[in-house]
Structure formats: C-alpha cells, structure tokens
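# Per-entry structural report
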Amino acid sequence: MKNILKNLVKIISYQPNPDRESFVLRENEYDRKAMQSGKKDEGRDSGRPGASGGNGDQPPGADDPGSGPAVQPGVSRRRPLRKAAKAGQKKDPDPEDGEGRVSSRLDRNRKKIEEIYGLPANRDIVLREFTLGTDPPLKAFMVYIDGLADRATQVRLLQDLMIFAGVPGPGAGKSASLIMKKMLPGSQVKLAETFEEVVYAVNYGDTAFFFDGSGSALVVETKGWDKRAVGRPETEQTVTGPQEAFVENLRSNTALIRRIVRSEKLYTEFFQVGTRIKSDAAVMYLKDLANPDLVAEVKRRISGVKADFVTDVGMLEQYIEDNPYNLNPQTMITEKPDRVAAALAEGRVAVLLSGSPFSLVVPVSMYTQLHTGEETYLRWQYGTFLRLIRNFSFYLALLLPGIYLSVSLYHQEMVPTELLLAIAGNRERVPFPTIIEMLLMEFSFELVREAGLRIPGIIGSTIGIVGALILGQAAVQANIVSPILVVLVAVTGLASFSIPSFSLAFSVRIYRFFYILMGALLGFYGITIGLFMQILLTANLKSFGMPYLAPSGPRTHPGLDVIYRLPLFLQRRRPDPLNPLDDVRASGDPRGWVDGKEGGHEGQG
Amino acid sequence: MRGAKIFFSLVVPLILAGCWGSRETDEIAYVLAMGFDKGPGKNIIVTFQIANPKSIAGTATGGGTGGGGAAARPLLNISTIAPLPIGAFNLVNTERGREISLLHATAYVFSEELAREGLHDYIVPLQRYRETRGTAYVFVCRGKARDFLDKNQPVLELSPSKQYELLTKVNRLHALSPVVRFHDFYNSIISPAKEAVAPLVAVGAGLETGRPPGPGKLGDYLAGDLPSNKGEPQFIGAAVFRRDKMVGTLTGDETRYLNMITGNMDRGFLIVDDPLAPGKPLGLTLIQARRPTVRVGLNEETPALKVDLYLEPEIVGVSSDINYEDPRLKTVLEKELAELVESRCRELITRTQQEFRSDIFGFGRHARTKFLTRDRWMEFRWDEAYPLARADINVHVKIRRTGLILKPHKVHR
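Residues numbered from 1 in each chain as written. Chains lettered and ligands numbered in written order. Predicted model: local features only at pLDDT ≥ 70, side-chain atom pairs only at ≥ 80, totals over all residues. Heavy atoms only, no water.

### Some remarks on the overall build of chain A
- Counting secondary structure elements, chain A contains 23 helices and 12 strands.
- Looking at chain A as a whole, 42% of its 605 residues are labelled buried.
- In chain A, the proportion of contacts linking residues at least 24 apart, taken out of those at least 6 apart, comes to 66%.
- If you sum the accessible surface of chain A, you get close to 32,400 Å²; carbon and sulfur atoms cover 59% of it. (Helix = DSSP H or I, 4+ residues; strand = E, 2+ residues; numbered from the N terminus. Buried < 20%, exposed > 50% of the residue type's maximum accessible area, 1.4 Å probe, protein only. Contact = heavy atoms within 4.5 Å. Areas by Shrake-Rupley, 256 points an atom, 1.4 Å probe, with all protein chains shown as cover.)

### Quick look at the side chain of Gln288(B)
Residues and elements named next belong to chain B.
- Mapped onto the secondary structure, Gln288 falls in the loop between strand S11 (281-287) and strand S12 (293-297).
- Engagement of the side chain of Gln288 in a polar contact is seen with the backbone oxygen of Met260, the distance being 2.7 Å.
- Among all residues touching Gln288, those that are not within four sequence positions of it are Asn259, Met260, Gly263, Asn264, Met265, Asp266, Leu309, Tyr310 and Leu311. (Polar contact = N/O pair within 3.5 Å; in protein donor to acceptor, adjacent residues only side chain to side chain.)

### Regarding the packing of helix H19 (residues 434-454) of chain A against helix H21 (residues 483-497) of chain A
Residues and elements named next belong to chain A.
- Where H19 meets H21, the closest approach of the two axes is 10 Å, and the angle between their N-to-C directions is 45 degrees. In this view, H19 runs oblique relative to H21, as classed from their interaxial angle. Here the hand of the crossing between H19 and H21 comes out right-handed. Residues Glu437, Met438, Met441, Glu442, Phe445 and Arg449 of H19 lie in contact with H21, whose contacting residues are Leu485, Val486, Leu488, Val489, Ala490, Thr492, Gly493, Ser496 and Phe497.
- Along the lines of polarity and charge, the residues of the contact of H19 with H21 split into 9 nonpolar, 3 polar and 3 charged. (Axes fitted to C-alpha atoms, helices over the stretch in contact; angles between N-to-C directions. Parallel < 35°, antiparallel > 145°, perpendicular 65-115°, else oblique. Left-handed = near helix turned anticlockwise from the far one by under 90°. Nonpolar A, V, L, I, M, F, W, Y, C, P; charged D, E, K, R; others polar.)

### Focus on the nonpolar core
Residue and element names in this part refer to chain B.
- Counting residues in each nonpolar core, the largest one holds 91 residues, and the members touching the most others are Phe48, Tyr108, Phe185, Phe241 and Phe363.
- Of the residues forming this core, the biggest block, 9 residues, is contributed by helix H11 (residues 327-356).
- In contact with Phe241, other than residues within four places in its own chain, are Ala115, Leu119, Val140, Phe185, Glu195, Ala196, Val197, Ala198, Met246, Val247, Ser358 and Ile360. (Core = buried A, V, L, I, M, F, W, Y, C linked by side-chain atoms within 4.5 Å.)

### Structural notes on the sheet that holds strand S9 (residues 349-353) of chain A
Residues and elements named next belong to chain A.
- Judged by pairing direction, the sheet is antiparallel, and its 5 strands sit side by side in the order S6-S7-S9-S10-S8 without closing on themselves. Edge positions in the sheet fall to strand S6 (266-273) and strand S8 (332-334), since each has one partner strand and no second. Direction aside, neighbouring strands of the sheet carry axes that sit 25 degrees apart on average.
- In this structure, S6 lies alongside strand S7 (residues 279-286), joined through 8 bridges in antiparallel fashion. Its bridge partner being in S7, Glu269 is matched across the sheet by Val283.
- Contacting S6, S7 and S9, helix H12 (residues 250-260) crosses the sheet at an angle of about 160 degrees to S6.
- Packing against the sheet, helix H15 (residues 337-346) makes contact with S6, S7, S8, S9 and strand S10 (359-362), and its axis sits at approximately 50 degrees to S7. (Pairing = 2+ DSSP bridges.)

### Some words on the pairing of strand S2 (residues 44-51) of chain B
Residues and elements named next belong to chain B.
- For S2, the buried fraction is high: 7 of the 8 residues fall into the buried class.
- Note: strand S1 (residues 28-38) against S2, 7 bridges, orientation antiparallel. For Val31, the partnering residue across the bridge sits in S2 and is Ile50.
- Hairpin remark: S1 followed by S2, antiparallel, with 5 residues in the connecting loop; positive phi at Gly41, about 65 degrees.

### Examining H12(A)
- Buried within H12(A) are the following residues: Leu250(A), Ser252(A), Asn253(A), Thr254(A), Leu256(A) and Ile257(A).
- Of the surrounding elements, those touching the buried residues of H12(A) are S6, S7, H15 and S9 of chain A.

### Some words on the layout of surface pockets
Residues and elements named next belong to chain A.
- Of the voids in this model, the second largest pocket is the one considered here, and its volume is about 770 Å³.
- As for the second largest pocket, its lining consists of 40 residues, of which Glu346, Asp561, Gln571, Pro575 and Arg585 are closest to the centre.
- Among the secondary structure elements, those contributing two or more residues to the lining of the second largest pocket are H15 and helix H16 (374-377).
- A class-by-class count of the residues in the lining of the second largest pocket yields 20 nonpolar, 9 polar and 11 charged.
- Residues from two domains meet in the lining of the second largest pocket; each of domain 2 (250-364) and domain 4 (550-605) gives at least three. (1 Å grid on protein atoms, 1.4 Å probe; cavity = no way out; pocket = protein on both sides within 12 Å on 5 of 7 lines; lining within 4 Å. Points joined across faces, edges and corners; volume = space filled by probe spheres on them. Domains from an automatic or database assignment.)

### Notes on the pattern of salt bridges
- The tally for this structure, following the rule as stated, stands at 51 salt bridges over all chains.
- For Arg339(A), the salt bridge goes to Glu236(A), with nearest N and O atoms at 3.1 Å. Of this pair, Arg339(A) sits in helix H15 while Glu236(A) sits in the loop between strand S5 (217-220) and H12, and the two are 103 residues apart along the sequence.
- A salt bridge links Asp253(B) to Arg344(B); its shortest N-O distance comes to 3.9 Å. In this pair, Asp253(B) is assigned in helix H10 (residues 252-262) and Arg344(B) in helix H11, connecting sequence segments 91 residues apart. No difference in accessibility class separates Asp253(B) from Arg344(B), as the two residues are buried.
- In this structure, a network of salt bridges that share partners links the residues Glu297(A), Arg300(A), Arg301(A) and Asp322(A). (Salt bridge = Lys/Arg side-chain N within 4 Å of Asp/Glu carboxyl O.)

### What to know about unusual backbone geometry
Residues and elements named next belong to chain A.
- A cis amide bond links Leu119 to the next residue, Pro120, at an omega of 0 degrees.
- By the element assignment, Pro120 lies in the loop between helix H8 (106-117) and strand S1 (125-132).
- Note that the residue after Ala550, namely Pro551, is joined by a cis bond; omega there is 5 degrees.
- Inspection of the secondary structure assignment puts Pro551 in the loop between strand S12 (546-547) and helix H23 (598-604).
- Here the phi dihedral of Asn479 falls at roughly 60 degrees; this positive angle occurs in a residue that is not glycine.
- With respect to the secondary-structure elements, Asn479 resides in the loop between helix H20 (457-477) and H21.
- Unlike most non-glycine residues, Asn579 shows phi in positive territory, near 45 degrees.
- In this structure, Asn579 sits in the loop between S12 and H23.

### Observations regarding the domain arrangement of chain A
All names here are of chain A.
- Taken domain by domain, chain A consists of domain 1 (99-220), domain 2 (250-364), domain 3 (380-545) and domain 4 (550-605).
- Computed over C-alpha atoms only, the centres of domain 3 and domain 4 are separated by 38 Å.
- Between domain 3 and domain 4, the residue contacts involve 6 residues of the former and 7 residues of the latter.
- Here domain 3 meets domain 4 over a buried area of about 620 Å², counting both sides, of which 58% is carbon and sulfur.
- Considering only the surface of domain 3 that becomes buried against domain 4, Trp380, Thr384 and Arg387 emerge as the three largest contributors, covering 75% of it.
- In this assembly, domain 3 and domain 4 are joined by 1 salt bridge.
- A salt bridge links Arg387 to Asp561; its shortest N-O distance comes to 2.9 Å.
- Where domain 3 meets domain 4, there are 3 residue pairs in polar contact (both at pLDDT 80 or more).
- In terms of residue class, the side of domain 3 that touches domain 4 is built from 2 nonpolar, 3 polar and 1 charged. (Buried area = accessible area lost by both parts, 1.4 Å probe.)

### With respect to the confidence of the model for chain B
Residue and element names in this part refer to chain B.
- When the pLDDT values of chain B are averaged, the result is 86; 94% of them are 70 or greater.
- Considering only residues more than four positions removed or in separate chains, one finds that residues 62-70, a stretch of pLDDT under 50, has 2 contacts.
- Across the interface, the model reports ipTM at 0.84; the global pTM reads 0.81. (pLDDT = per-residue confidence, 0-100.)

### Examining the confidence of the model for chain A
Residues and elements named next belong to chain A.
- Per-residue pLDDT for chain A averages 83, and the proportion of residues at 70 or more is 85%.
- Within chain A, the element-level pLDDT minimum falls on helix H5 (residues 67-71), averaging 41, and the maximum on S9, averaging 95.
- Residue range residues 83-97 is modelled with pLDDT below 50. Its contacts to residues more than four positions away, or to other chains, number 17 contacts.
- For residues 600-605, every residue scores under 50 in pLDDT, and the model assigns this stretch 1 contact once sequence neighbours within four places are set aside.

### Remarks on the interface of chain A and chain B
- Chain A puts 29 residues into the contact, and the matching count from chain B is 29 residues.
- Between chain A and chain B lies a buried interface of about 2,400 Å² when both sides are counted; carbon and sulfur atoms form 60% of it.
- Interface area lost by chain A to chain B is led by Glu418(A), Leu421(A) and Glu428(A), which between them contribute 25%.
- One salt bridge connects Glu24(B) with Arg427(A), and the closest N-O pair in it is separated by 3.2 Å.
- Across the contact surface, chain A and chain B share 11 residue pairs in polar contact (both at pLDDT 80 or more).
- Residue assignment for the side of chain A that touches chain B shows that the elements contributing at least two residues are helix H17 (380-409), helix H18 (417-427) and helix H22 (502-539) of chain A.
- For the side of chain A that touches chain B, the element with the highest residue contribution is H18(A), accounting for 10 residues.

Encoded structure:
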C-alpha cells in the first residue's frame, strides 16, 4: 500500500532526467556562476544596457578571429559582457608585443599558424612546406584554405618560386619584399606584418607565404571558389531593360555596377562588418556627385556596426537604418545593377555585402520604392501609366478591405442600392460577422502566399493559383464567405503584388490589417484616424537624413519623376531632396539637335 | 508609464466613439419605397416596400421551407397604422425581426386623398429623421398608395429603386412629368417663393378607356388615364400644391410647359398641325437651347413677369412633304411654333394664377432678389401678389436641324 502511494507520487512529481543520453548540453561556466552568485548581480547586469556597449568599445584587434577558439576554449562570450571586455583588454597588448606579428623565424611562424588554425585537426587548411630554388636554398611554407583558393594559380606560383628562381639569395630579413618584387608573378601581392592580416586574407581565399628569415609574410590573391554565374533577376522581373542580377560574389557585383557606370569618379570603399566573423561591405558612390555628408554618414554607420556576424545585406539594413520601429522600409533593396547605377547617378549611395546578391540603396523616399526602373526605359506615356496603376494599387492594397468593412457596417447609404442588396443577399447565408469573414479570407490568402513560397519545386508555383481558386470557390459554396469578399480579397492580393518593393509590400500588408480593424471599429472615421496617424508616422521618418515623403512631405523642387514620369528631356535636375553636389543634369534641352544648335554642327564638323 | 498613457489615449476614444453604430447588412430591412394613405381618424396607413436581398442577389434557390415562391419574391409590402411615419417602424419590427432602415428608400408615395389634406405632418418629421435621403423622390398617387406599391412590380429592373432612378433619367427625353426630390419638395413646402409640385402616378386603367389627345398636344393625360396596358404603373402629369396641400393636377402636356419655364426640360416630341397644310400632323423635337431667362418687375402695382424661352426644335416628320428646310418656309414654321408654345405657357400661367393661386414656377425666387431683408420679403406676401401678376412670354424659336432629309421628295400619289 505504502509502495503504491510512493510510486504514485513518483509518477506525478518531477524526476531529474535519468542519464539515458550520453550527452547533455550543460550550462556553461558563466551561466552557472551567474546562477550561483545570486540574483542581485544578474539583475544589475541585465539592467544596464551600457554593459553591452562595453564589448563594442574594444578595438577590433581584440576580436582576432584566429585567437577566439585558441585563447578561451569552452568559454561562452554571451553572458559576461563586462568580464569579456576586461579579458579582451588584458589580451589586447599581445599583438603589439610581438606575438601577433610575423616572426623572422620560420618554425615560430609555423607554430603560430598551427595554433591559430588548430592544425592538424582542421583539415580545410593546407600548410605546405617547400624550398625556394634560389642560390642558397631558402626554406618557406605556404598556407591556404582548400576550396577557396585557386589551384592553378598556386601551381604557377610554386613553379616560379621553386623551379625558375635564379635570383641570388636575398639578405636576411628582406626576403619577402624582394621576392614580391622580383619573383612572384601574382597580380595582387602584398606584405603582411601581423598574423591578423594574414589570417583575414587566408580566410578569404588568399594564399600566404612565409619565408625563413623574413619578418613579414606575403599574401597573394588566389581567390577561386565556385560561384554562381550572373543570371536573370528573380524578384525584380522587368520586360524591358537590362536583365542581369547580382550574385553572391562581392567582386562580381561591384564589377557589374562599374561596367554600367564607367567613371573614374565611382568610388568603392571597403569596410569589414562583423566582430566575430567578418564580412566585406562595399560602399559605392560617385565622388563628384553624392553629397559628402551623406557618404560620410553611410560610412560612419557601417563602420560603427558591432554586430557579431552579418550574412546578408538585409541584416546590414537593420543595423544601419534610421528607425527600426517604423513599418516602412527605409532603404531600397534591389538585385538589379542597372537600378543601382541609376541611383548612383542621382547622387545616392549603394552598399553591397559579400555573400549577398542584393544591394542597399540609400537614401530613398516612399515614392522611390514604387519605382522599378522599367518606367524610365519605356516611353514616358507608358511609364506614367504604369506608375499611376501602381500608385492606385498601392492604395487599393492598403485600404480596400477596410473601406469595404466600413461601408458594409457603417455607411450603407454610400453604395448604390443594387450593390448593397447584392452584398446583403450574398451575406444572408454566411453565419459570421463581416469582420470575421474578412479576417478569415485575408488569413487564407496570406496562407496561400506563404505556403506557395515554402512548398518546394514545381508544386509551389501551382499551389498558389489552384489553392486560391479552390479555396475561394469552396468557401463560397460552403457559405463561409460571400463571393463578393473573395473578389475583394483577390483584388487586394493582386494589388499588393504589384508593389515592386518587397519590403514596402510587406508593410502595406501589415498596415492593411490595421485598417481592417479601424474600419470595423469606427468606419470611415477610423480609417481617417488611421490614415492621419500613418501619415504623421511616415512624414516623421527619415532615410539617412532625407525626409521619407520628400518631395511632397516637405515640399521641395517637385521633380518630374515621382508619381508621373514626364519626358526625360524635361528632367533637367536631379532629385532635390538628395542635395547632390551637382544639382543639374542638363542645363539646356538634352535633345541638342532640336534647334539644330549643337548636335547638327558637331556632327558635320 | 508613457506607453500606457499613449495606449489609453488611443484606445479610450475607440471605445467611446466605437463600434456601437455598426450594423451588419443581414440585420437590416432595407425599405425601398414608402407609401402613405389616409387611415382611420388622425392616423395614416404606412406601407413599407422592403427589398428581399436573397432574391435580388439570386441566392434564394431552394431556400424556402415549402413556400419557395414566397421566398423568391423580391419585394415585400408591409402596412401598418400609425400617427406619424416614424412610429410605424417599431410596429413593423414586431412582425419582422429586422431593423427598418430608410437609408436606401428612393420613393415616398402619398395618396391624393392625403395630399389634399396636407403633407406637412409627414414631410417635416421625415426631413428631420437621420436616415431619410434628400435625393429620394416624392410622388403623389391617384388612388391608394398601397395599391400602387403592390402593383408596381418592375419587370425589367431588379428593384423599384432602380426603376425610379431610370424613370427620372428618361424624363429627360419627354419632360411629361416633373422630377421632384424629397429635399426640393420640403423646400417648396416651407418656402413662399415657390410652391410644390409632385409627379403624379397611378395604375393604368387600360387601353380602351383613354380619349384621344387634342391637336398640338402630346400626353395630355393624367396618370392612370393614359391608354396603355391595364394595371401598369404610369408616371405622367403633376400634382400642384399650395403650401402643403394639393390643389389640382396638371396633365402631361401641361407639365411639359411647366418644365420648359422652369428650365428643366431637355427635349421632347411635339406633334403640331401643319401650318401650310391644315389637318396634316407635323412632328418636331423640342429642344431647349438654353435655360429660360426670367425677370420679375415689382415697380408697378402688380408684379410683371417676363419670361424668355429659347427653343431649337428639330424637324422629325413632315407628312405633307412641304419643304420646311427652305429658309423662308422655316420662318413660317418657327413663327407658328412660337405662337403655339407661347399660348400654352400663357394658359398654364393663367391657370396657376386663377385656379391654383400657386406659384409652382418659382418666379418668387426671382422676385425675392429685389428685397434686401427677409422680413421685407415676407411682408410682401408673394403668394397673394402672384395671382395678380402680368406675364409677358417671349418664345424664341430657331430651327437648326432638319433631320437627315434636306429636301423631301414629293411622294407620287
């Protein structure tokens, strides 16, 4: 009896996990310490956001990617923000002391490299020893990462060093620079004094050479990994205009832009983003056009990013945008080099990130996000027509469900009698209130959209259409929704697809639910309140210092390329809110031939 | 704390102003037309014509339990007796579980009997009522309004509200009936400057009962007398009011001249006697070239009305084959036509002065501009001055279009 009770208690009470698994991921040292040392310490730590800034303040040298695993094995850096900062400071002087510098002794360098990369456990890293074919043979070794470096180039380099080397042996200590000058045929070769430089280059596919008796290493550019070829744009399809899209390779991307903007004034500046794992960010702008303050601000923000790891330009956007709490996207993300080129020529700044097939363009206004670039390639009447349709569909996607709700719940006198009776008649069999009906349908539509994206392969593209059709039809037949609502939601969905900016379409989709709520609660009055609030929020927004609703938010020079797309030869000024260094695109009529003034004469003479 | 403040300042207005006025479409009975008949004592019989949305939207297939025919009827008439139209709402709601809504009521039909006793007590409360549409139409029905609403089941249109809309649109083509919106009617009742008219409606008596129209007249009938299908609703002629009481009727032909003087006529066929070949009919389309100019002089003892009408008729049918396209003959026709229109207008004005003593043309609006203050104008007593007024009518006729024939062939007989 007593046993039964005991067993019962045992069943319903908590028992620690029996050690069935061989491995349990235990709390690390700092977590355990924090738990033991009591809650007051923890509370103080978490209550101070400045503590996290402490980590950011340390110089980037402390976060030597190679030293991380070697120096503090098994220690998490997540929790003890201040302690880690202290530890980093203590460790900081080391590189200057000489340990971080390349030594003149080959065996020391070799040991250091082995330590940094965890050789021989780390099999991706190849360390090859060889002897130079110089007069007194010189011992050397090279380091590269298998798969990142190009084999053919390396073979050629080794050939040059080992076989064809006939130069008299250099004096001790100067071998590296001499070899660089006389023997290595690689196009991009540089001297590296510290291991940090060496490791950064090797991590990015370069090959490092160490020579006996030389206090510096040679880093030769041998990047050569598999990469995707430049293809057609996937998310920004246009009928006319260039059909190239960015790829994941940063250098290819900058080249794609530079191929369109053939100007020596096109500057590309590189920054390293990421404290633990570094990515390259490129800032591109036209030196004689982009406002220097703007360029400086972009550079300041990017170099100020102390994020752990940034893989995509979309992440970078979130670190550098002005207002992370506003729904509206404050940068333009595009995958088309021609759009970036056009933006650069207006005085904007583009940011690219290694590994990301997209580019950030800043600053942008809301109107810019409704452009695709295609309008400019088309004749102006067609472009204007496209823009008007797009602007109209923007409002449709934003307001249509809300307006329908407020009309059918509050303002029934506003619609023609026949239409109202049709709405009412179709709704007679639907058991839900209109708002439930609407939310149900909107949710289903979002579901179809999301599922269509996630379902792999060929099914994915068909499930969208088929799902929507069948769902709508069946829902109507089952008297769950009224047919007029299906039409409405479908139109709204189509309208939101016609917004070219993916991010803006997202914000419109979210705002739409807000308007559905306001329309159902307060009718047109609510929608007016909502619009008013949204306009205030949006007008308050800035994208890298440029007002988000310019040129209409603050009135500036109107520009002929905002809502309409007037003829190109009339667009003689650059967008005013960008404040470029050169405001004027063309001082006279760009069609110089019209009056027979310039074009004709120059052509003859 | 700050967040809570913002939250409450946003949410409290929502709750206070909020969702209490919301009504689903399936909670409401949409009244399309209302009829008013005289009831026992001081009461009136109010008839609501309620739309059946299921039938109109075409979703009423097999829905009814047994009475499938009843479920498919697009309209439902409910009558009740109440002292004021508003009171009838609650009484109807004891029968039908849906809120009565006048938001889409497009017609208010008053019986002639009720109209002759005065409509003030029904129009004014409706005007004050929140849901009444100022753009609804007002009709006066010869006979019972309830019978008219029962009979008026439009065949071509889905709902009577569309029928009323289209009737006023098509009125542009014949001008045989005035177009009076609820708000105009209310204004005419309260204003001394213009007396009210309302289109006359009735159910047709049949093809045999009608008498043929006189020469030079088209549609010289009152509603109900027009020879046509039996039992069809007819919208022709006008009821004339003095203040809120109906004092007489105008036939369709007279109404057309009323519309001409008030500038509401767009066009309309007219068949006149051929001036050069008496006995032969001559068809014309009367087109009002521009709005008539009206001047009212108050310097003499009696008001002097001066009306200039501008007509540009188009010749439609000449059965005598006389070449009226010839400029000389055209002037003959123009002169003849001007005399005809002038005499008709004069007859009509005289009739309103002597028989009705009611300024249905709104001449008072022009007279009103001669006064500086409203008090002076009210002291003047236009309603008493109008019957004594002298009317001077000038009709300017210019035939500009002669149809597709420039010179008729003599038909060989």
